[in-house]
Every structure is written in C-alpha cells, then in structure tokens.
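Spelled out, the chains give:
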Amino acid sequence: MKRATINLLKVVLIGVALGAWSGTAQAWWNNDWTIRKKITIDTGATGGAISDAIGTTPVLIRLADFNFGAARDDGSDIRLIAGDDKTPLIFHIEKYDSLLGEAFVWVKVPDLKPGAQTTLWLYYGNAGTITAPDGASDPKDTYDEDTVLVYHFAESGGPAHDSSGLGNNSQGPIATTDSLIGSGLRLSGKLPVTTPAAASIAWTDGAAMTWSAWIKPIVLPPNAIIFSRRDGAKDFLIGADNGIPFVEVNGTRSPVGTPIAVNTWHHLAVVADGPAITLYLDGISYATLSVALPALNSPALIGGDDPAAAPTATGFIGEMDELEIAKAARPLGWIKFAAASQGVDSTKVLTVAPDEQPPANWFSASFGLFGVILRSVTVDGWVVIAILGVMSVVSWYVMITKLFYVNRIQKGNALFMKEWRHVAQDLTVLDYTDSEGLKNLGSRAGPRIQRLINQSSLYRIYHIGSGEIGHRMVGDKVLSSRSIQAIRASLDGGFVRENHALNEGMVFLTISIAGGPFMGLLGTVVGVMITFAAIAATGEVNISAIAPGLAAALVATVAGLLVAIPALLGYNYLVSRMKMVSSDMQIFIDEFVTKMAEFYCYSETEQSVSERN
C-alpha cells in the first residue's frame, strides 16, 4: 500500500509537469489581450522566392481584415510579438482609421531569413489599463542606424516628417493624396519638394548609399526628374525618360531599358556600392552605371530639378510613396523583399490569418465567471491549490483501493463461512497430518473456491488456528487448556494484524479531512493579504480591481473543502464497513475457540482419570 501510494504521487507530479509543459506550448502572450492574428512572412519558393540575404528590415502589415470594433479607436492596444509568442517587437503605426477600416503598421523584424517562413503575432483587443511592455515606440526605432531619411508622406499641408528620427524633415508643405500605403506625395511637375542639407545625409566620394521609393507616373514626358541633388559641377539624378527609368551621375546616364506604364505602381531603388551604381525596378536589376557616388552635401529636390542647372529638364508628374535613404548598400534580398511585400500584390509574401481567441480551458468553458476567477488566482494560491490537488488524488486513491479491498474480504468471508458451517459440525475433519488438508478445510474447498476464499480475513485466521491445532495435538488428539489459551493468543494476533491491514492508508483520509480546510484557509488569508497590500501600494480602492483578487483568494478555501468533504464521507463509509469485517473476525474467533474446546479438550475430571489409567 505504501509503495503504491508513492508510485501514485510520482504519477501525479509527472502529470502536473506535463500539464505545465502543455500550457506553455499553447501559451498566450498576455491574457489582457483577447484577440490575436498570426502573420506569416514567406520568403521561400511559395512566397517571395527570395534566396539572397535580407537582414533586419521594416515589414509593412496592411490591416484590412481587422476587427476595428474590438480594438481601441486609436489602435493603441496593438502589439507585435515574435514567433516565440514571448518577445515584443518594435513597431509603429503609420495610419490607423477605424472609421474607414484601414491601418498600416511597420514592424522591425530582426535578421529576416531568405527562403523560409517567419511567424509573427499581432495582438489587440485590450479595453482595460495597459500595463504590459508594449513594444510600440517612436518610429525611429523601427529603422536601423543606417537609415537616414524616411518619408511616409502622411502629412497634408505640412512638411514631410522624417520617421528615421534624424530630423531631416522637408522644407515647406507638401501635397498628399490617397496612395499606395496610406497617404502619398502628389507631384505636379512644377513644385518639387526640398530636403535639407544635413550632415546625416551628406555623401562622400565612393560612399555606400541606398535610395528607394514607390512611384506612379500619370504621364511619361521626356527627361522627367524624380530626384535630383546638385553641388557645383557634381550631380546625382534619378528620373524616367519617356517612361524609361535612369540614374545619372555627373552627366553619365545608365543604359536604356524597358519603359514603365502610366498609372501603375513601381518600386524604384538605386544602390551605390563602391565603383558601381545599380538601378533596380520592382526588385530586379534594371541597369548598372560604372561610376562611384559623388560627394554631395546639398539640399535635394523630390519631383524636379534646379531649372538654372537643367533648363530642359521636366518635373515628375504622378505620385510617390515611402521614400527611404540609407547610408549603406542594401543587399539584393532587402530590395526584393521591399518590392514584393509593400506593393499591391503582397499576399504571396505576407499573409494575415483570421482572428484567434485565447485557448479555451475546461473551467472557463464550463463555468464562465468561475473561469475568470481562476485566472485571477495568484502564484501562491496556485501552490496551495496544487498541494490540495495532490491530497485529493491521494485520498481518492485510498478510498477506491480500500473499497475494493473491503469488498474482496467480505466476498471471501461469505464464501468461507458457507464452507465453515460444514466444518463446524464436525471439527475432527481437521485431524489431518498434512498441511494441504488443513488449508482446504478437510478437502471440502476445491481449487476455485480456495482461490476466492484466500481473500477472506476469516480464512487467514482459520488457517492460523488449524495450523496451531495440528502442531499442538498430543497422544489421542487432545488439547490441554494451556494449548487452547495459546491458540487463542495466536488467533488474537492474527486479528490484530488483519485490523492493521484494514486500516492501512486511512491516515491519508484523516489528513485530508483535518488539513484540507486549513490549507485552503491559508491560501485564502495569503491571497487577501496580497490584495490589500496592492490596494495600499496604489492608494486607490476600486471594487472592480479588488473583487477578482478576493474571489480568487476564496478559491483556495473552496479547494480545501472539496478535498475534505469527499474524504470525510468516504472515511465514515469505509470505517462502518471495516467495523463489520472486524466484528465478523471477532465472532469467528470466539466460535472457533468454542468449537475447538468442544472437540479437543477434556474436562479436568476426565483428564485426571485418564492420567491415572
């Protein structure tokens, strides 16, 4: 019994550990958030088919299939979490319009791998007080240290704001329109936008640089300038000549390629890396210019050129969005990913799954508000509940095994007494010298019956008595009074041992009955203390805040009662059954001794006469 109980405790502890592991595997980042979406970035063969290195990059998430009614009006409850469902990611919201149902979120993904799938989690739906680390930050943290200028063109009637955090805002107001990613820059070809001359965006001879933007031409005039930067005799131009994109450095223009169409969005990127400058169109190498980047530290123009320096040049007429300049040569994978993930058809690269709710558990699904209370239980409360759970399992194990044990004994006793009635009519059937005859009640009990009555406590006592009779018979098979007293002592010893076997393990029930409520009360007291300590720390009494804590504290008391009540009922029932077995053994001992004295003991007078003869 003791060994079985120890094994049971091991099984319980293993089960608790497995349950904890299972809960971790199905973790929910924070229970204060009620909805999440799985975001999958696929750079493999089924997605963007990008095999070149990408590195750390900002990723655009379009929230079209989004329950704006479940989120806050300003989207301040949105959180981006890494695939491990633990690590908050840095992000910022470019646009969030709950009325129009449109939102654009940029998240910084560290070291995005090519040819693989990367999973993110977007959480929202927190209407309460947000205390968790949010991961949201100033937009500048979304970009790496090599990024020196980022224009989302989300400002209408004001200067374009630099989201890189370096303060390279445009000079003068800009004209915006609904564009590819939220708002974009509207260019008429006559009023270019000026970027400042700043140390952070100054270029040196042969320096590395990446320029990228989305463009949408409305007309395709000759020599239309998209971006220009001049400083004396040095110049750097990006444009489209009759729809053919080009990059020009100090009068040297890139080779001619296939023209683009009007009213279509295209990702245009220029990467300067040492002695060469490469022009990319929609993530594909379009033209290469074998010159180095010139040293320039002057203002730049977006959508036009300096008419004094280039009187024949025309301005770009159309739209521009997401202009970004970096002081590093971005890898080809980075260019491909930007073109594939930010465009109109980005679903192959980035998919946003439907909403998910927190994983249902048995108590919240079955008991509603009771599940809410259990989720408010503190760590110390769960420790007490876990201890009570072990006590409950042990007490139920004792009750069930003890019930089967008592049932076997009583069934065996009933079979034994049926055979004993025949033996009791003539106890001389025990006058066998072989031990097998004593065991099988003078050959009355066959093998099947004997196997059943082996479970009988009466049979085990009978076996003790019959064995003692066989050892103590002398001469003409007569037992002396002293022998009968010795046999009675052996029977009483067997009776005590049977009672010990009956009561083995019952102490666990008494521990559960007496200790369960007190253990639960301990958990409740500690929980109440923690709740009031929290009130003292905040200095505010809010019934909606403290009620779950107090209710959760009382859960420990409930758990203690749930342990003690079944144990109490089971204990009383088993004790009554065991008293019946004990009474049957006592009665049998008295009957056995009486029958034994009747068949094997002379009176004192008869014994004296026998001795004289």
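Here is a short report on the structure shown in this document.

Cut-offs used in this document
- Residues numbered from 1 in each chain as written.
- Predicted model: local features only at pLDDT ≥ 70, side-chain atom pairs only at ≥ 80, totals over all residues.
- Heavy atoms only, no water.
- Phe/Tyr/Trp six-rings, centres within 6.5 Å; stacked < 30°, edge-to-face > 60°.
- Helix = DSSP H or I, 4+ residues; strand = E, 2+ residues; numbered from the N terminus.
- Buried < 20%, exposed > 50% of the residue type's maximum accessible area, 1.4 Å probe, protein only.
- Lys NZ or Arg CZ within 6 Å of the ring centre and 35° of its normal.
- Pairing = 2+ DSSP bridges.
- Axes fitted to C-alpha atoms, helices over the stretch in contact; angles between N-to-C directions.
- Contact = heavy atoms within 4.5 Å.
- Salt bridge = Lys/Arg side-chain N within 4 Å of Asp/Glu carboxyl O.

Under the definition given, this model contains 17 aromatic pairs. Ring geometry for Trp29 and Tyr123: centres 5.5 Å apart, planes at 55 degrees, overall tilted. Of this pair, Trp29 sits in the loop between helix H1 (2-25) and strand E1 (35-42) while Tyr123 sits in strand E6 (residues 117-124), and the two are 94 residues apart along the sequence. For Trp29, a relative accessible area of 16% corresponds to the buried category. Taken together through their ring pairs, the aromatic side chains of Phe416, Tyr459, Tyr462, Phe588 and Phe592 make up a single cluster. Positioned above the aromatic ring of Trp203, the side-chain terminus of Arg229 is 4.6 Å from the ring centre. Note that Arg253 overlies the ring of Phe246, its terminal NZ or CZ placed 3.6 Å from the centroid.

We now examine the environment of Leu99. Position of Leu99 among the secondary structure elements: in the loop between strand E4 (91-97) and strand E5 (102-112). Judged by relative accessible area, Leu99 falls into the exposed class, the value being 82%.

Pairing between sheet strands relies on hydrogen bonds along the backbone, with the strands arranged either parallel or antiparallel. The strand order across the open sheet formed by 3 strands is E2-E5-E4, and the pairing between neighbours is antiparallel. The open sheet terminates on both sides in strands that have one partner only, identified here as strand E2 (55-63) and E4. Sheet twist, expressed as the mean angle between neighbouring strand axes with direction ignored, is 20 degrees. Direction of pairing for E4 relative to E5: antiparallel, over a ladder of 6 bridges. Within E5, the residue paired with Lys95 across the bridge is Phe104. Contacts from helix H2 (residues 332-342) reach E2 and E5 within the one sheet, and its direction differs from that of E2 by about 5 degrees.

What follows is about H2. Extensive coverage of H2 is indicated by the burial of 8 of its 11 residues. Taken residue by residue, H2 has Gly333, Trp334, Ile335, Phe337, Ala338, Ala339, Ser341 and Gln342 as its buried positions.

Under the counting rule described, the total for this entry stands at 17 salt bridges. Among the salt bridges present, the one from Lys140 reaches Asp141, with a minimum N-O distance of 3.3 Å. The partly exposed category is assigned to Asp141, whose relative accessible area is 29%. A salt bridge links Asp492 to Arg488; the nearest nitrogen and oxygen atoms lie 3.4 Å apart.

All right, on to the sheet that holds strand E22 (residues 350-356) then. With antiparallel pairing, the 4 strands of this open sheet are ordered in space as E3-E6-E1-E22. Bordering the open sheet on either side are strand E3 (79-81) and E22, each of which pairs with just one other strand. Taking the axes of each pair of neighbouring strands and ignoring which way they run, one obtains an average angle of 25 degrees across the sheet. When E1 meets E6, the two strands line up antiparallel, connected through 8 bridges. Residue pairing in the sheet places Ile39 in a bridge with Leu120 of E6.

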